[in-house]
Amino acid sequence: MGKKVNWLKDRGIPYTPEIESLDKNTAKSMSDLMTNVDKPVYAFTDKMPPEVAAALFSRYSRSPRPLRMVLAREFNGADRTKARSFFDRVLAEYGDDSVAQLGVVYLACEMVSVLATKDIEDGRLAAYIEKSTRYVDFSAKLNNHYLYFEPPELKKAKLDKVYKKLMDKTFDLYTELTLATREYLKKAFPIKEGIDEKVYLASIRAKAFDIVRSILPMSTLTNTGLTLSGHAAESMLNKMYANPLWETRKLANEIKTEIDKVIPSLISRSALRSFMVQSKMAVSKIAKRILKKDKTKSDRVKLIWHSDHNLNRVVNEILFPFSRGRVKHKLNIKEKKKLIDAYLVGRTDRRHKPGRAFEVAEYEFLFCDIVGAWKDLQRHRMLTQQRQLLTTEIGYEIPEELKNIKLGNKSAWQVYDKHMQDLGKLYKQICKKVSAEVAQYVVTHGHKMHWTFKVNLRELYHMIPLRASRAGHPAYRRIAREMFYEIAKIDPILAMPMRQFIDFSDEPRLERLKQLEKVKQKLDKLGGKGGDTFI
């Protein structure tokens, strides 16, 4: 091919497509790996091996050549073997773990307990999706067995049979309550004129699952999907290897085996970091000696710390880009409020994120609420969060709706209450004969727990309106609103602008009805029928 200079006139940049200097076979094979071969902006297709992509990008910082030429000259197109040998050299030369961030793997983990998914999903810089307890019926059986995990640790303590019997009862109750709750909701919220029947029934189903999921235990088997870099995978695996639960350690081995088939070079150094185990054991000994066991429940939401002078700090950060050094000002309160309002002007949607100036205002919250609410809030990544071991010992909540539902001739409320007490007894047995870690499997979504968030104001502007929206689960809606009240007490000028996107109403309703109506309208426009759609 003759060389043809292609001038990017709009930017005044001289550019010659690398394809002009390649032979026809190389150019053709490269066209399958990239979205284009003659422009300076391009993406890799799904035919590009992740390891080769990672190796290519890692060469950017040390090579004068364009990426396509590196691919052709150093990797023979898309040779995995070349890429893997390259990583041995690059790790020695760079001495840097950052290259492990360049390879990405998509991973599915199926038939794992909800408890194990919380260990899998503990990372900050990765993407996770889990089977929803709000949209999926968990009453199904497989090979005449409910979908729950049986911890092998219980066999030695001869608690496996009593555990299995109580888990079967738990899922029997879940099944009964789901059906009874749907019928109750149809009477409590009869369909209104103009509402599509499919949308109505879907919203009834969603609210029933919202109510009844509180009885689902942490042993419930679920599916989770992950998208993570080699670096995130290594971090996740190291934490999982250090976990005392057999299931989590077993999962770590299985995950490592599958990732090795896709990006082995990027996590080849991943192994059990013994310091994690040693650290946990050492701290545990000291903690047991100095801490008293407190079973009392705390406030639902308590602001336990906040950075000082938040308003002034945010004002300074807003002004900083316009200054020529350290910010100096003598603004009064009215002027500061006017500046904050200007910084937020044009926000017509909760998805419009404020600028980074809001990140200097920080808050730490202590929560005491049900496990189901924590599970939903745990999905927020841009914060520091910690939890205590799940337990049955600080109480549980019974859904209010169960007061009006009968199971045969018995009150659903009383049946639920008795069952939660039975779970509490088994929890204590497992704690005594096995461990508090394994006992977590019998804890339900309705039991209470403690956890903390340390979070900045910018993330709160995302989290609170999202979780306090009309369609949100009542459990985390109340938490989000109380978080707003807490920060509004100390930083009203900073907090109050987010109130326009918060739903403060408490009337009984089908939370998902309006949202599902919009979904139905979109599906109707698309045409056709989906096999697994909720509506």
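For every chain, the first residue of the written sequence is number 1, and numbering continues from 1 onward in sequence order. The predicted origin of the model limits local features to residues at a pLDDT of at least 70 and limits the giving and counting of side-chain atom pairs to 80 or more, whereas totals for whole chains, interfaces and linings rest on all residues. Side-chain metrics in this entry use all non-hydrogen atoms of the structure; hydrogen atoms and water are not considered.

Kindly report on the sheet that holds strand S8 (residues 301-306), identifying the contributing residues and their values.
Within a beta sheet, neighbouring strands are joined by backbone hydrogen bonds and run either parallel or antiparallel to one another. Only when DSSP finds a minimum of two bridges between them are two strands counted as paired. Comment: elements are numbered from the N terminus, with helices defined as DSSP H or I runs of at least four residues and strands as E runs of at least two. What the 4 strands build is an open sheet, ordered S8-S9-S13-S10; its pairing is antiparallel. Edge positions in the sheet fall to S8 and strand S10 (384-387), since each of these pairs with one other strand and no more. Going from strand to strand, the sheet's axes swing by 20° on average, the running direction of each strand aside. Pairing of S8 with strand S9 (residues 362-370) involves 5 bridges; the strand directions are antiparallel. Note that in S9 the partner of Val 301 across the bridge is Phe 367. Residue contacts are defined here by distance: any two heavy atoms, one from each residue, within 4.5 Å place the two residues in contact. For every element, the axis is a line fit to its C-alpha atoms; helices are fit only across the contacting stretch, and the angle between N-to-C directions ranges from 0 to 180 degrees. Most of the contacts of helix H18 (residues 457-467) go to strand S13 (residues 448-456), to which it runs at about 130°, and overall it touches S9 and S13.

Please set out the pattern of salt bridges residue by residue, giving values where relevant.
For salt bridges, the criterion is a side-chain nitrogen of Lys or Arg within 4 Å of an Asp or Glu carboxyl oxygen. Tallied over the full model, the rule gives 30 salt bridges. Across the pair Glu 486 and Lys 489 runs a salt bridge whose closest N-O atoms are separated by 3.1 Å. Linking Glu 486 with Lys 489, this pair stays in helix H19 (residues 474-490), spanning 3 residues, or about one helical turn. The class of Glu 486 is buried, set by a relative accessible area of 16%. With a shortest N-O distance of 3.0 Å, Lys 520 and Asp 524 are connected by a salt bridge. In this pair, Lys 520 and Asp 524 both sit in helix H21 (residues 513-526), 4 residues apart, roughly one turn of the helix. A residue is classified by how much of its surface remains accessible, and Lys 520, at 15% relative accessible area, is buried. One salt-bridge network, held together by shared partners, links Arg 300, Asp 369, Glu 397, Lys 448, Arg 478 and Glu 482. Buried, partly exposed and exposed residues are distinguished by accessible area as a fraction of the type maximum, computed with a 1.4 Å probe on protein chains only: under 20%, between the cut-offs, and over 50%, respectively.

Before we move on, can you summarise the nonpolar core with the specific residues and values?
In this structure, Ile 340 and Phe 365 are the most contacted members of the largest nonpolar core, which totals 100 residues. Excluding residues within four positions of it along the chain, Phe 365 makes contact with Val 301, Lys 302, Leu 303, Ile 304, Trp 451, Thr 452, Phe 453, Val 455, Leu 460, Met 483, Glu 486 and Ile 487. One finds Ala 126, Tyr 128, Ala 233 and Ile 255 within the second-largest nonpolar core, a separate group that totals 21 residues. Within this scheme, the nonpolar core is defined by two criteria: the residues are buried Ala, Val, Leu, Ile, Met, Phe, Trp, Tyr or Cys, and they are joined through side-chain atoms within 4.5 Å.

So, the packing of aromatic side chains: which residues are in play, and what are the values?
Aromatic pairs are defined between Phe, Tyr and Trp rings, using the six-membered ring for Trp, whenever the two ring centres lie within 6.5 Å; interplanar angles under 30 degrees are classed as stacked, those over 60 as edge-to-face, and all others as tilted. With the rule as written, the count across this model stands at 13 aromatic pairs. Consider the rings of Phe 365 and Phe 367, whose centres lie 5.9 Å apart with planes at 25°: the pair is stacked. Of the two residues, Phe 365 and Phe 367, both sit in the buried class. Through a chain of ring-to-ring contacts, the aromatic side chains of Tyr 146, Tyr 148, Tyr 163 and Phe 171 assemble into a single cluster. A ring has a charge above it when a Lys NZ or an Arg CZ is no more than 6 Å from the ring centre and no more than 35 degrees off the ring normal. The lysine or arginine in question, Arg 68, covers the ring of Tyr 42, its NZ or CZ lying 3.7 Å from the ring centre. Here the basic side chain of Lys 403 rests over the ring of Trp 413, its NZ or CZ set 4.9 Å away from the ring centre.

Please set out unusual backbone geometry residue by residue, giving values where relevant.
Its identity as a non-glycine residue notwithstanding, Asn 143 has a phi of 55°, on the positive side. Mapped onto the elements of the fold, Asn 143 is located in the loop between strand S5 (141-142) and strand S6 (145-146). Asn 143 sits in the exposed class, given a relative accessible area of 73%. In this structure, Asn 144 is a non-glycine residue whose phi angle is positive, near 60°. With respect to the helices and strands, the residue Asn 144 is situated in the loop between S5 and S6.

Lay out helix H13 (residues 310-319) with the relevant residues and their values.
What H13 keeps buried is the set Asn 310, Leu 311, Val 314, Val 315 and Ile 318. The arc that holds every buried residue of H13, seen down its axis, measures 130°, which confines them to one face. Tucked inside the fold, the buried residues of H13 contact S8, helix H14 (333-343), S9 and helix H20 (492-495). This arc is built from the directions going out from the helix axis to the C-beta atoms.

Explain the layout of surface pockets residue by residue, including any values.
Here a cavity means grid points, on a 1 Å grid over the protein atoms only, where a 1.4 Å probe fits yet cannot get out; a pocket means an open set of points with protein on both sides within 12 Å along at least five of seven lines; lining residues are those with an atom within 4 Å of a point. Grid points are joined across faces, edges and corners, and a volume is the space filled by probe spheres set on the points. Space inside the second largest pocket adds up to approximately 950 Å³. Forming the walls of the second largest pocket are 33 residues, and the residues nearest its centre are Arg 134, Arg 467, Tyr 476, Arg 512 and Gln 515. Take the lining of the second largest pocket: its biggest share by element is 5 residues, from H21.

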